[in-house]
Amino acid sequence: MACPDGEHLVEALGAEHDRSTFSSGIPVLDEYLQHRANQDKRRNVTVPFVLISRDNPQVLGYYTLSACAVRLAELPSDLARRLPRYPVVPTTLLGRLAVDQRCRGQGLGEFLLMDALFRSSVHAQEVASYAVVVSAKNEAARSFYQKYGFQALIDDENRLFLPMSTISGLFV
Ligand SMILES: CC(C)(COP(=O)(O)OP(=O)(O)OC[C@H]1O[C@@H](n2cnc3c(N)ncnc32)[C@H](O)[C@@H]1OP(=O)(O)O)[C@@H](O)C(=O)NCCC(=O)NCCS
C-alpha cells in the first residue's frame, strides 16, 4: 500500500530489502527483523511487511501478521455473550510493529498500523477473523494501541484487541 505522503510504501518482506540498519530502540524487535523474520516467513508462521521509501530498499518500519486464536473467556463478557460457545475464537495476530527511531513522529507508525488493519480486514472476508490482537511490549506500546481503540483482553493488560467489525468500519 502507498502512504498518502506519496513517499513511503509497505511491501511484503523480500530479499531486496535492507534490514541491516534498522533500529527501533527495542533490541528484540531489531534482532527479530534482522535475523528471524525471513526464516519465520519461509516456515509459514508469520508474514512480515516492511515500510520503505520509494527507490530506497532501507527498511524504516515493519509489522508481522499471523493467524491466532484467543479463548472465548479472554474476551469481555458483553462481547463473549454474543458469540457461539466455541472454546476459541479465530483472530489475526499483529505480532510486532516498529518504526525506526530516526523516523518517529511523522505518522509512519499510524500508517503501518492502518495498513495492517486494512490487510487483516480484507483477508477476513475470506478466512474469518473476529478481531486483530496485538501484544504490547510496554506501557508506551499499550497507550499507542489504546489511542486507536484497542482494549485489553481479560487478565492480560499487554494483549489488546480490536474487533474486525470496528476495523471494517474504518475503511468503508
Ligand atoms: C509505537 C511506534 C510504532 C509509533 O511510531 P511513530 O511513527 O512515532 O508514530 P506516529 O508518528 O504515527 O504517531 C501516531 C500517533 O500515535 C501517537 N503515539 C506515538 N507513540 C505513542 C505512544 N507510545 N503512546 C501513545 N501515543 C503514541 C502520536 O502522538 C500520534 O498521535 P497524534 O497524531 O494524535 O499526535 C514507535 O514509537 C515504535 O516503533 N516504538 C517501539 C516499538 C513498539 O513499542 N511497538 C509497539 C508494539 S510491540
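Residues numbered from 1 in each chain as written. Predicted model: local features only at pLDDT ≥ 70, side-chain atom pairs only at ≥ 80, totals over all residues. Heavy atoms only, no water.

(A) The arrangement of the layout of surface pockets in detail. The space that makes up the largest pocket amounts to roughly 460 Å³. Leu97, Ala98, Val99, Arg104 and Phe144 are, among the 22 residues lining the largest pocket, the residues nearest its centre. Contributions of two or more residues to the lining of the largest pocket are made by β4 (88–99), α3 (108–124) and α4 (139–147). Ranked by residue count, the leading element in the lining of the largest pocket is β4, at five residues. The residue inventory of the lining of the largest pocket, partitioned by class, reads eleven nonpolar, eight polar and three charged. The calculated volume of the second largest pocket comes to roughly 350 Å³. Lining the second largest pocket are 20 residues, with Leu65, Ser66, Ala67, Thr92 and His123 sitting closest to its centre. Residues that form the lining of the second largest pocket fall into these classes: ten nonpolar, eight polar and two charged. (1 Å grid on protein atoms, 1.4 Å probe; cavity = no way out; pocket = protein on both sides within 12 Å on 5 of 7 lines; lining within 4 Å. Points joined across faces, edges and corners; volume = space filled by probe spheres on them. Helix = DSSP H or I, 4+ residues; strand = E, 2+ residues; numbered from the N terminus. Nonpolar A, V, L, I, M, F, W, Y, C, P; charged D, E, K, R; others polar.)

(B) A look at the sheet that holds strand β2 (residues 47–53). Taken together, the seven strands give an open sheet; going across it, the order is β1-β2-β3-β4-β5-β7-β6, and neighbouring strands pair in mixed fashion. Looking at which strands have only one partner, the edges of the open sheet turn out to be β1 (8–12) and β6 (151–153). Between one strand axis and the next, the sheet turns through 35° on average, direction left out of account. Sheet analysis places strand β3 (residues 56–71) next to β4, joined by ten bridges and oriented antiparallel. By the bridge assignment for β4, Tyr62 is matched with Ala98. Sheet strands in contact with α3 are β1, β2, β3, β4, β5 (131–135) and β7 (156–163), and its direction is about 155° off that of β4. Of the strands in this sheet, β4, β5 and β7 touch α4, which is tilted by about 20° from β7. (Pairing = 2+ DSSP bridges. Axes fitted to C-alpha atoms, helices over the stretch in contact; angles between N-to-C directions. Contact = heavy atoms within 4.5 Å.)

(C) Examining the environment of Glu31 more closely. Along the chain, Glu31 turns up in helix α1 (residues 27–42). For the pair Glu31 and Ala140, spaced 109 residues apart in sequence, the C-alpha to C-alpha distance is 20 Å.

(D) Quick look at the side chain of His17. By the element assignment, His17 lies in the loop between β1 and α1. One polar contact links His17 to Glu11, side chain to side chain, over a distance of 2.7 Å. Ignoring sequence-local partners within four residues, the contact set of His17 consists of Glu11, Ala12, Val50, Ile52, Pro57 and Val59. (Polar contact = N/O pair within 3.5 Å; in protein donor to acceptor, adjacent residues only side chain to side chain.)

(E) Geometry of the pairing of β4. In the sheet, β4 pairs with β5 via three bridges, with the strands oriented parallel. What sits directly across from Leu94, in β5, is Val134. Taken together, β4, α3 and β5 constitute a β-α-β crossover, and its handedness is right-handed. (Right-handed = clockwise from strand over helix to strand, strands pointing away.)

(F) Expanded view of the confidence of the model for the chain. In the predicted model, the chain carries a mean pLDDT of 96, and the fraction of residues at 70 or more is 100%. Mean pLDDT across the elements of the chain bottoms out in helix α2 (residues 77–80) (95) and peaks in α3 (98). (pLDDT = per-residue confidence, 0-100.)

(G) Seen up close, the site of the ligand. Of all residues adjacent to the ligand, which total 21 residues, the nearest are Leu97, Val99, Gly107, Gly109 and Glu110. Spatially, the ligand is embedded in the largest pocket. Elements with a minimum of two residues in the shell around the ligand: β4, α3 and α4. With six residues, α4 is the single largest residue contributor to the shell around the ligand. Residues that form the shell around the ligand fall into these classes: eleven nonpolar, six polar and four charged. (Near = heavy atom within 4 Å. Sits in = over half its atoms within 2 Å of the grid points.)

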